[in-house]
Structure formats: C-alpha cells, structure tokens
Amino acid sequence: MARHEETPVPTLASLKEVYGEGSQLEEAQLRFGNLKSKFIQVFGHAPDVYARSPGRVNLIGEHIDYEGYSVLPMAIRQDTIVAIRKHVSGEAEKVLKIANVSDKYSLCTYPAEPDQELDLKHHQWGHYFICGYKGFYEYVKAKGLDVGPPVGLDILVDGIVPTGSGLSSSAAFVCSSTIALMAAFGVEVPKKEIAQLTCECERYIGAQSGGMDQAISIMAKSGFAELIDFNPIRATDVQLPAGGTFVIAHSLAESLKAVTAATNYNNRVVECRLAAIVLGIKLGMKPQEAISKVKTLSDVEGLCVAFAGKNGSDDPFLAVKEFLHEEPYMAKDIEKIIEEKLLSIFANSSSSLDVLNAAKHYKLHQRATHVYSEAKRVYAFKDTVYSNLSDEDKLRRLGDLMNDSHHSCSVLYECSCPELEELVTVCRDNGALGARLTGAGWGGCAVALVKESIVPQFILNLKEQFYQSRINQGVINKNDLGLYVFASKPSSGAAIFKF
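Quick caveat, the model's predicted, so the values are computed rather than measured.

Visitor: So what's going on with helix 17 (residues 455-472)? Which residues, and what values?
Guide: Over its 18 residues, helix 17 runs 24 Å from end to end, which matches the ideal 26 Å to within 8%, given 1.5 Å per residue. Here helix 17 has its buried residues at Val 455, Phe 458, Ile 459, Asn 461, Leu 462, Phe 466, Tyr 467, Arg 470 and Ile 471. In this structure, the buried side of helix 17 is in contact with strand 9 (244-250), helix 16 (418-429), strand 11 (445-451), helix 18 (481-484) and strand 12 (485-488). Positive phi shows up at Gly 474, right after helix 17, with a value of about 80°.

Visitor: Help me get a handle on the nonpolar core, residues and values and all.
Guide: Counting 152 residues, the largest nonpolar core has Leu 59, Phe 129, Phe 185, Ile 338 and Phe 381 as its most contacted members. Per element, the largest residue contribution to this core is 11 residues, and it comes from helix 7 (residues 265-282). Contacts of Phe 129, omitting those with residues within four sequence positions, involve Ile 84, Ile 98, Leu 153, Ile 155, Phe 173, Ser 177 and Leu 181. Ranked by size, the runner-up nonpolar core spans 17 residues in total, among them Leu 12, Tyr 19, Ala 28 and Phe 43.

Visitor: Outline the environment of Gly 61, supporting the account with residue identities and numerical values.
Guide: On the secondary structure map, Gly 61 appears in the loop between strand 2 (49-60) and strand 3 (72-86). Taking relative accessible area as the criterion, Gly 61 reaches 0% and is therefore assigned buried. Between the alpha carbons of Gly 61 and Met 330 there is a distance of 28 Å; along the sequence they are 269 residues apart. Not counting residues within four places of it along the chain, the set of residues in contact with Gly 61 comprises Val 71, Glu 374, Val 378 and Arg 436.

Visitor: So what's going on with the sheet that holds strand 10 (residues 434-437)? Which residues, and what values?
Guide: The strand order 10-11-9-12 describes an open sheet built from 4 strands, whose pairing is antiparallel. Each edge of the open sheet is held by one strand with a lone partner, namely strand 10 and strand 12. The average undirected angle you get between the axes of adjacent strands in this sheet is 20°. As defined by bridge partners, strand 10 adjoins strand 11 across 4 bridges and the pair is classed as antiparallel. Bridging from a neighbouring strand, Arg 436 pairs with Val 447 of strand 11.

Thresholds applied
- Residues numbered from 1 in each chain as written.
- Predicted model: local features only at pLDDT ≥ 70, side-chain atom pairs only at ≥ 80, totals over all residues.
- Heavy atoms only, no water.
- Helix = DSSP H or I, 4+ residues; strand = E, 2+ residues; numbered from the N terminus.
- Expected span 1.5 Å × (residues − 1).
- Buried < 20%, exposed > 50% of the residue type's maximum accessible area, 1.4 Å probe, protein only.
- Contact = heavy atoms within 4.5 Å.
- Core = buried A, V, L, I, M, F, W, Y, C linked by side-chain atoms within 4.5 Å.
- Pairing = 2+ DSSP bridges.
- Axes fitted to C-alpha atoms, helices over the stretch in contact; angles between N-to-C directions.

See below:
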C-alpha cells in the first residue's frame, strides 16, 4: 500500500468525508451553497470544481522547518475553499478574475500569463492565488505535461482561517489555489509533490517558507497530528494522548509575515545561514567550501555532534557554545571569518538582500541554540507520545516541552511580542499544562494544552482575563469571540470536491 504522502489529494462527492456530522457539516453545507450562489452571481456560471485546504497549529518545532528539521503540527477545522471555472477556448477575455465571498476583499484581475511578476511593493490579497498559478505552470512545464495555452479563469475564495494569526491562512490559500488549478486542468499529483511545490510557490510573495505549513495542510489526517520530515517530505501519524485538548487563542496582534519579512522572519533565515557557515568554518571547513555547501544549521549538525563527541556528548549546542559568542556580530565581524562580503553571498536572493539592508547586527549564538534545542524537543514530544507513561504523565511532559519551546522562541529567537507573553501567562495561570506561541510569532496565536475536563471554564477565564478589556476598547466585537479562541482536535487535510 502506498504511503500517505504518495497518494493524490482525494476527489470527493460528499462533504461528510471531510466535515463529519452535526454542526460542522451544516456550516460546511451553508458555505459551499453560498459559494456556488455567489459564483453564479459574480461570473454568470457555476464553478467546475472546488478545492479546500485547512489552516494548521504547530504544536512544537518553531522556526526549524527551513533549517531542515522535523516539526509536529496538526490541521485545524478552519480552511480556505477555492471555487474555480476554466474558460473554454473562444471565450473573449484571457484574464484571471479573483473574487472573495467577503466584502473586505475587492475583485482582483490579473493577465492569464504564467510568467508574470508579482509587484511585492503593492501587496494585493490576490497575489496568493498567483503564487499557486505560477507554480502550477512551472510544475507542468518541468514534467512535460500539456495543459494547452493559458486561458481565462474565474475564481471565488472563501477563507475562514483568521489572517495574521499564525495559523497559516496564507498557506491554506496557496495550497487550495494550486489544488484547484490541478483539478480544473486534470493534473493528478502525489501529495508530497504538491507540498514541495506549494512551499516554493509561497516564496513568490517574498517569504522564505520552510514547508511545514503546506505539508500539514495537504497531508493531514483527521484525529492525528503529523511528524513532518523534510528532504524528502514525509508525514508520520502521531496520536495524541487521551484526556487533553489544544486551545488556540489569538493575541490580537496581527502577524504581518510578508510585510515585516526583512526585519523578522527572513532576518532569522539569514542569521541561521550565517551561523551555520561560521560553525562550518570553525569546525574545519574552508571558507569557500562552507559558503557554497552550507545552507542550513542541519548541514553542519554532524560536525557539531562530532565536536561534542570529543567531550562525551552528542549535543550540538557544545559547538555553538564554543565557537559562537553571545554578543551580536556586526557584518564586518562575520565577513572577517568567512572571507567574503555578505552582499556577494546573498546576491541571488532579493529578500535576503533586504534583510542585510535592514539589519544592524546578527545574533548567531542565540538563533543556533534555539534551532538545535527545538529540534530535540520535537523528537522528545513524539517519544513521549509513544512512551509507556500514563496518559496523565504524558500530558504533563508534553506541556513542559511546550513551555520550554516558548521560552526559547521568546528569549533566544525573539519572535514573541508583549500580547503573546501576556496571553501565554494567562493560559498557564488558568491551568494550561503548557502554552506557547505558534506560527511565525511577532503576533498571532498561542496554543495551550489543556485537560479536556476544564476546557469550557478555561476558555471562559481567557475571555474574562484577556479578551474582555479588548472588547471594552473596541478592538474586537464580543460576537466574534469564537473566531479568536477555540478548542481544536486534529482535522483532515486538503480535498477536491466535484458535485
């Protein structure tokens, strides 16, 4: 039997297979009905096909996917649905019209040109569809598939993953767009190839994505978190212990990943690459060899572990402690070690050059320490789940790992913010076994591991102690609170619907 990631995204005729029974199914039926009606209203035709991809919450393993390390997310029930209709040859306009069920987003129009460049200085919500569009055409070209000349497309989007929340609304949009295009053009692809493709797609928007968000959105299974490995992409089911539930709570600080990339997300990617190159050189590589071969901290882990082995350990942190000082490095300090200008190393990456222009210094020791320790916590999390401990002891241990992860994200990786710190503290004060920021950080959500028996009271306490003051200030509407704090079990991944 083929591994899960080797199979294509399923094509379904019934919503039940994804949305189950009860209120969740009823909500989905309303959404799909509304989507079809609005599509006909806007475009004058019904859609050919629908694709959906969920958001995700990362349980542990933050900011390490782009360093080549495994992560442990789960899909949430909130998703993005893309309805699409391919124009038949002979229809007049060769344009892509992208509309949204929400009045917040105006109609976007783009030429039906796969090679078009995105104007990143003028960000539009429709850019995320174009990421998938460009990636789809690059994929079929690379595979030698004939999908005919580009034609006009009508697209309608319905996304309920909160934006800027750290729950991967952008990945859900890019994934559902790419899958909708594949379904419309009759291209069937294994999930692992779509996960890889959509990871590369999102880089068109200027984010140096690591691949976790796309992999879990496409490969998730109901009832399971997934250990996602990279190079090659693989998903391993992880069944969480009984008696615990994850509560997701929005800090109400919006995480503008694409907009702040140069000083936040992409800055950390560059710092990690520089830390890895410096470690490689300090551990015996020639500077030019390190610059050409070392892309991530996982590339030099073997050298770090070999160094640690001389001291009776297998912890790569020993090499970090020995060879990377805690004081921030200036650009000239790093250039002296690597015998090369930073501008020449990153000359082929405009997003990395933006980082260099904005950066005052580089915290190599702190970033490397976070990555190596967080990578170990992911496997400790998985090992705890499969250990012989009682469910109660497993939950307590998982909570401790989540707390350690948050401390590392906050202090070493500096990707938290005051609102997240307050929210995590409120979660712990109200009985969470563990709580941490999730997603890129700098805003967005926290995830808390809570005993099932106290979930209703826990959510009520969060409303009173964190959200009520924001409601009073008019930051959010009381009626929308369910969008900002909710319990979630692991949900299913991407699907295509043809009715």
